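This is what each chain is made of:
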Amino acid sequence: MSFSYVTQSLLGGFAFTCLLFGLTLIMSIPLGLIISFCSMSKFKPLSFITKVFVWIIRGVPLMLQIFIVYFLPAKFWGELNRYYYFTYGIQFGHNGAGIGTFIAVVIAFVINYAAYFSEIFRGGIESISAGQYEAGKVLGMTKTQIFFKIVLLQVVKRILAPISNEVITLVKDTALSNTVGIIEIILQAQLFTEKAIWPLFYSGAFYLVFVGVLTLLFGYIEKKLSYFKA
Amino acid sequence: MAYLSIENFYKSFGKTEVLKGINLSMQKGEVVSIIGSSGSGKTTLLRCINFLETPDNGVMTLDGELLFNSNAEKKDGDMALRNKRLNFGLVFQSFNLFPQYNVFKNITLAPTLLLKDKIKAYKKQLQEEKLSRKEISSKIATFKEAEKKAIDKDAEELLEKIGLTEKRNSFPCELSGGQCQRVAIARALALKPKILCFDEPTSALDPELTGEVLKVIRALKDEDRTMIIVTHEMGFAKNVSDKIVFMADGVIEEEGAPKDVIENPKSEKLKTFLHGVTNKDGE
């Protein structure tokens, strides 16, 4: 059990961590924006249903949500796992986890993070003064133009700090995927614990580096947007 | 026939009646100042004129065109509303410049966005002329370039007019309040509105910055621009206006030539108001 062997195994697990992180981010941000518009809708039933939805998603542990998405249609995900395993030889875990399991986990993550993002977006959008919208209106802009040309960048600047919090939390939350058998980096490290404990610490270093890079990235964006006050 | 005519404007917010039957008319090239204490409905009237609020009742015509009629069976769509709004420009008390764009872009943004509509219309027209695709795209390219140049040239001229040519690349956060308001005026002028409206344009400014904004408005008056100015600057209103309108409790209490209104107020409310204003100035 050499250092390079452990490194290689952990990197394999880390690849799933990164994949889950990336897919969740790409899908939950647009979905979150849609949810935020629904909760700000003037059509009361829609905003009410959306608020109840956000309450449930934010009020229940992510782990439980993963279990529900995975176990409710367990048969379906199982079929998917088997199909891809026998046709293409793809498997993600030691206990039969495969494409189906992974998709279930991604769905749970996207919904959960979209709910959190939607509240950050809502706060940001509602914090923009009515004067900005009115200035756009009297200058003959359409609602879409006002949102994309005037409001959006100001919102991005304002919500950058809470978004970076959420993104950093997501990096670490990906570990929850191992509860349904996805071998991400922590489960990978855990497999070594019979022989040694240090791979666990080592796995922590991966997270630290990843979060460090993200912190630098958000710092860079913040600096890029510091040329104006909003 | 008046250029702008407003008949019987009523507006309530919930149970509060803010406008209680406003009738106002003005000629082309006239400057009308609206004065009155806060809560008298001046700003609401201005917002109704600019289609930021919809009056509960009333009719408005501009240059012979019916712009608003509360009894109309069909409500205006977004597009119609946008076109009607473009008849007016509005300068806000709090400037409302777009913070992420520099001065030049603040002025050119709206005309550039409107250019897209223009290009669409032009394309349709060309297609109806049954020109080949190649001809259409080359004509549109020339059209687009010429229009863009015109927009930039307009903006340069406006910058010169407000005396901020050297600030063209500055961002709003780098400007003083007076400079911001001058940019906001240029931004409104860039769309060539028929009537330019000001909503207390100097109320958010220090006294020493007020002068530079008033100077710009004064220069616009000398160009015979049609303007409606809601203001607390009595001296300026008297100086620059062709007509002063005094509003109190949602009605026009008194209106007339500046000299008459300010020096010979007839109604008790106007007398009290003017007394309060001059006392505040310590005169």
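Remember, predicted model here, so these are calculated numbers, not experimental data.

(A) Region of interest: the nonpolar core. One finds A:M141, B:L4, B:F9, B:L45, B:M60, B:F88 and B:I228 to be the most contacted residues of the largest nonpolar core, which totals 92 residues. In this structure, B:V91, B:L189, B:I217 and B:M227 belong to the second largest nonpolar core, which totals 34 residues.

(B) Expanded view of the sheet that holds strand β2 (residues 16-26) of chain B. All names here are of chain B. A sheet is described by the order of its strands in space; here four strands give the open sequence β2-β1-β4-β5, paired in antiparallel fashion. Of all strands in the sheet, those bounded by a partner on one side alone are β2 and β5 (65-69). Neighbouring strand axes in the sheet, compared pairwise and without regard to direction, differ in orientation by 20 degrees on average. In this sheet, β5 lies alongside strand β4 (residues 57-62) in antiparallel orientation, the contact comprising four bridges. Following the sheet pairing, V59 is matched in β5 by N69.

(C) Quick peek at a nonpolar patch on the surface. Residues and elements named next belong to chain A. Taken together, M1, F3, Y5, I197, W198, L200 and F201 make up a surface patch of nonpolar side chains, about 750 Å² in accessible area. Counting residues per element, the ones that place at least two in the nonpolar patch are α1 (3-39) and α9 (198-224). It is α9 that provides the largest number of residues to the nonpolar patch, a total of three residues.

(D) Molecular detail of the sheet that holds strand β9 (residues 243-248) of chain B. Residue and element names in this part refer to chain B. Taken together, the six strands give an open sheet; going across it, the order is β6-β7-β8-β3-β9-β10, and neighbouring strands pair in mixed fashion. The sheet is open, and its two edges are formed by β6 (88-91) and β10 (251-256), each paired on a single side. Within the sheet, the average angular offset between the axes of one strand and its neighbour, ignoring direction, is 20 degrees. Alignment of strand β3 (residues 31-35) against β9, held across four bridges, turns out to be parallel. Looking across to β9, one finds that V32 is bridged to K243. Where helix α6 (residues 207-222) meets the sheet, it contacts β3, β7 (195-199) and β8 (226-230), and its direction lies at approximately 150 degrees from that of β8.

(E) Quick look at the packing of aromatic side chains. All names here are of chain A. Inspection of the entire model under this criterion finds 26 aromatic pairs over all chains. Look at F67 and F71: their rings are 5.8 Å apart centre to centre, the planes differ by 55 degrees, and that puts the pair in the tilted class. Taken together, the residues span about one helical turn, with F67 and F71 both in helix α3 (residues 62-71) at a distance of four residues. Put simply, the rings of F3, F14, F21, W198, Y202, F206 and F210 pair up and form one aromatic cluster.

(F) View of the interface of chain A and chain B. Residue-level contacts link 21 residues of chain A with 26 residues of chain B. A buried area of about 2,100 Å², summed over both sides, lies between chain A and chain B, and 63% of it is on carbon and sulfur atoms. Seen at the junction of chain A and chain B, the total is one salt bridge. A salt bridge links B:R47 to A:E134, with the nearest nitrogen and oxygen atoms 2.7 Å apart. There are nine residue pairs in polar contact (both at pLDDT 80 or more) connecting chain A and chain B. Looking at the side of chain A that touches chain B, the elements that each hand over two or more residues are α6 (130-138) and α7 (143-173) of chain A. At seven residues, α6(A) tops the list of elements feeding residues into the side of chain A that touches chain B. Broken down by class, the residue content of the side of chain A that touches chain B amounts to nine nonpolar, seven polar and five charged.

(G) Summary view of the packing of α3(A) against helix α4 (residues 74-88) of chain A. All names here are of chain A. Look at α3 against α4: their axes get within 6 Å of each other, and the N-to-C directions meet at 75 degrees. Considered as vectors, α3 and α4 are oriented roughly perpendicular to each other. Within the contact between the two elements, α3 uses V69, Y70 and F71 and α4 uses A74, W77 and N81. Considering only residue class, the contact of α3 with α4 consists of five nonpolar, one polar and no charged.

Criteria and cut-off values
- Residues numbered from 1 in each chain as written.
- Chains lettered and ligands numbered in written order.
- Predicted model: local features only at pLDDT ≥ 70, side-chain atom pairs only at ≥ 80, totals over all residues.
- Heavy atoms only, no water.
- Core = buried A, V, L, I, M, F, W, Y, C linked by side-chain atoms within 4.5 Å.
- Buried < 20%, exposed > 50% of the residue type's maximum accessible area, 1.4 Å probe, protein only.
- Pairing = 2+ DSSP bridges.
- Helix = DSSP H or I, 4+ residues; strand = E, 2+ residues; numbered from the N terminus.
- Axes fitted to C-alpha atoms, helices over the stretch in contact; angles between N-to-C directions.
- Patch = residues over 30% accessible without salt bridge, like charges linked within 9 Å, V, L, I, M, F, W, Y side chains within 5 Å.
- Areas by Shrake-Rupley, 256 points an atom, 1.4 Å probe, with all protein chains shown as cover.
- Salt bridge = Lys/Arg side-chain N within 4 Å of Asp/Glu carboxyl O.
- Contact = heavy atoms within 4.5 Å.
- Phe/Tyr/Trp six-rings, centres within 6.5 Å; stacked < 30°, edge-to-face > 60°.
- Buried area = accessible area lost by both parts, 1.4 Å probe.
- Polar contact = N/O pair within 3.5 Å; in protein donor to acceptor, adjacent residues only side chain to side chain.
- Nonpolar A, V, L, I, M, F, W, Y, C, P; charged D, E, K, R; others polar.
- Parallel < 35°, antiparallel > 145°, perpendicular 65-115°, else oblique.

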